Amino acid sequence: MGLFRLRKRREVKGEKGFPKATRWSDCDCRSCVSWKGNEEQKLHLVVKEPLHAETEDPDQGRDSIENIIFLHGFLSSSSWWTETVFPNLSDWTNKNCKLFAVDLLGFGQSPKPSDALYTLKDHLQKIKKTVIEPFELDSFHIVAHSMGCVIALALAAKYSKSVKSITLVAPPYFTSTKENASQNALNRLAERKIWPPQRFGTSIMSWYEHVGRCVCFIVCRNHRLWEWLLKFISRRSSLHFMVVDMTRHTHHSAWNTMHNVLCGGAKLLDHYLEILKDSGVSVSVIQGDRDAVVPVECGHNVKSKVPLTDLRIVSNADHRTVVIGREKAFAGELEGIWCSSALHHEQKKL
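Worth saying up front: this structure is predicted, and the values here are computed from it rather than measured.

Rules used throughout
- Residues numbered from 1 in each chain as written.
- Predicted model: local features only at pLDDT ≥ 70, side-chain atom pairs only at ≥ 80, totals over all residues.
- Heavy atoms only, no water.
- Axes fitted to C-alpha atoms, helices over the stretch in contact; angles between N-to-C directions.
- Helix = DSSP H or I, 4+ residues; strand = E, 2+ residues; numbered from the N terminus.
- Parallel < 35°, antiparallel > 145°, perpendicular 65-115°, else oblique.
- Left-handed = near helix turned anticlockwise from the far one by under 90°.
- Contact = heavy atoms within 4.5 Å.
- Nonpolar A, V, L, I, M, F, W, Y, C, P; charged D, E, K, R; others polar.
- Buried < 20%, exposed > 50% of the residue type's maximum accessible area, 1.4 Å probe, protein only.
- Polar contact = N/O pair within 3.5 Å; in protein donor to acceptor, adjacent residues only side chain to side chain.
- Core = buried A, V, L, I, M, F, W, Y, C linked by side-chain atoms within 4.5 Å.
- Arc of directions from axis to C-beta.
- Phe/Tyr/Trp six-rings, centres within 6.5 Å; stacked < 30°, edge-to-face > 60°.
- Lys NZ or Arg CZ within 6 Å of the ring centre and 35° of its normal.

A.B. asks: Please explain the packing of helix H6 (residues 147–158) against helix H12 (residues 251–263) as it appears in this structure.
C.D. replies: A pair of packed helices can be characterised by two numbers: the angle between their axes and the separation between those axes. Where H6 meets H12, the closest approach of the two axes is 9 Å, and the angle between their N-to-C directions is 50°. When the interaxial angle is binned, H6 and H12 end up oblique. Here H6 runs over H12; the crossing is left-handed. Residues Met147, Val150 and Ile151 of H6 pack against Thr257, Val261 and Leu262 of H12. When grouped by side-chain class, the residues that make up the contact of H6 with H12 number 5 nonpolar, 1 polar and no charged.

A.B. asks: Looking at this structure, how should I read the side chain of Gln287?
C.D. replies: Tracing the sequence through the fold places Gln287 in strand E6 (residues 282–288). Using a relative accessible area of 0% as the deciding quantity, one classes Gln287 as buried. At 2.8 Å, the side chain of Gln287 forms a polar contact with the backbone oxygen of Val294.

A.B. asks: Help me understand the environment of Ile132 in this model?
C.D. replies: Structurally, Ile132 can be placed in helix H5 (residues 120–132). Owing to a relative accessible area of 7%, Ile132 belongs among the buried residues under this scheme. Taking the C-alpha atoms as reference points, Ile132 and Ile69, 63 residues apart in sequence, are found 9.4 Å from one another. If sequence neighbours within four positions are ignored, Ile132 has contacts with Ile69, Ile127, Leu137, Phe140, Leu155 and Tyr159.

A.B. asks: Please clarify how the nonpolar core should be interpreted in this entry.
C.D. replies: The nonpolar side chains of a soluble globular protein tend to be buried, and buried together. Counting 54 residues, the largest nonpolar core has Leu71, Ile142, Ile151 and Ile166 as the members making the most contacts within it. Take this core: its biggest share by element is 10 residues, from H6. In this structure Ile151 touches Leu71, Leu104, Leu120, His123, Leu124, Ile127 and Val261, once residues within four positions along its chain are discounted. Core analysis: the second largest hydrophobic core is formed by 23 residues, Val85, Phe86, Val169 and Val323 among them.

A.B. asks: Where do I start with helix H14 (residues 297–305) in this structure?
C.D. replies: An α-helical turn contains 3.6 residues, so any two residues separated by three or four positions project in the same direction. Along H14, the residues classified as buried are Cys298, Gly299, Asn301 and Val302. Seen end-on, H14 carries its buried residues on one side only, within an arc spanning 155°. Elements that come into contact with the buried residues of H14 comprise helix H13 (269–279), E6 and strand E7 (310–314).

A.B. asks: Looking at this structure, I do not really get the environment of Val243. What am I missing?
C.D. replies: If you trace the backbone, Val243 turns up in helix H11 (residues 241–245). Residue classification places Val243 among the partly exposed residues on the basis of a relative accessible area of 36%. In the structure, Val243 is positioned 168 residues away from Leu75 in sequence and 9.9 Å away in space, judged by C-alpha atoms.

A.B. asks: What's the story with the packing of aromatic side chains in this structure? I'm lost.
C.D. replies: The description of an aromatic ring pair rests on the distance of the ring centres and on the angle between the ring planes. For the coordinates displayed, the defined rule picks out 10 aromatic pairs. Between the aromatic rings of Phe70 and Phe86, the centroid separation amounts to 5.3 Å while the plane-to-plane angle is 65°, which identifies the pairing as edge-to-face. Residue Phe70 is found in strand E2 (residues 66–71), and its partner Phe86 is found in the loop between helix H3 (79–82) and helix H4 (91–96); the two are separated by 16 residues along the sequence. For the pair formed by Phe70 and Phe86, the shared burial category is buried. Measuring from centroid to centroid gives 6.1 Å for Phe70 and Trp338, while their planes differ by 85°, and the two rings are edge-to-face. Taken as a pair, Phe70 in strand E2 and Trp338 in helix H15 (residues 327–349) lie far apart in primary sequence, 268 residues in all. Grouped by ring-pair contacts, the aromatic residues Phe70, Trp81, Phe86, Phe330 and Trp338 constitute a single cluster. Seen from the ring of Trp207, Arg192 lies directly overhead, with NZ or CZ sitting 3.8 Å from the centre.

Encoded structure:
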């Protein structure tokens, strides 16, 4: 009966004037609902300006600046990039590149509207209104991880004349017919197994909506309690960003993004890759050979679809350690991709 009342409650003012959550499985703490004070409903964005921009005229040398958009994966946030790649970039990149890391719609500190379906179109519109239009980007690079690769491909296909390069880290691209692509992606990414535990958890959260909502009620709604317990047990004042990001979503945003982007977007990937191949956009794939979430075959699938793809297989790396634990080397790989693609783009102009 208590849960029934929670579900039926009206939206009331919460902590210091912030509105409380309207779904019984959602947290209503200040950090989780602060986005409701954002009238424009733009995504949370971390911008790292070039170092010389702080002392020089912002319009001076604007054409020489390389813009890079970073998109994170499922149950993650912009911290995936700001905590790993940003601190390990070279002086040249810090002086000549403008970096944009967004929290995708429904994750991190970005809006989590209960009436959104979290489709590819929704994600693209938010990125457009948050990054591309306000900063007037007419050319840019894209770096994406896991689920973010699906959104990145849609974004690159939409702005194929503006994209200089796209780097896909562990892209979930499975070969299939268009009619079976969505179901095949769901079966491959969330195969119904009871072992190992990670597979079991993924299958439960992806196939059984109401069970998943109950899990979100226990874990996400009470994330402050779990975070306090972890800090107490580990004797640390702060937690790893990946632990914090795991609960920074609602069940509605995660469920719909899983089914409408990862699965629903699977049937559109062939079309997006065809556009990139015809447009001559530089495509790079970085994949761990021990990735149990997105198997290494996905990288080869992209290569077969776009033969000029720069495929890099990282030995002894999985879905997480393809970046985590080798941040410096990974940042160096990205810089090499940006420099070569920017040079190629300039040569095409000549």
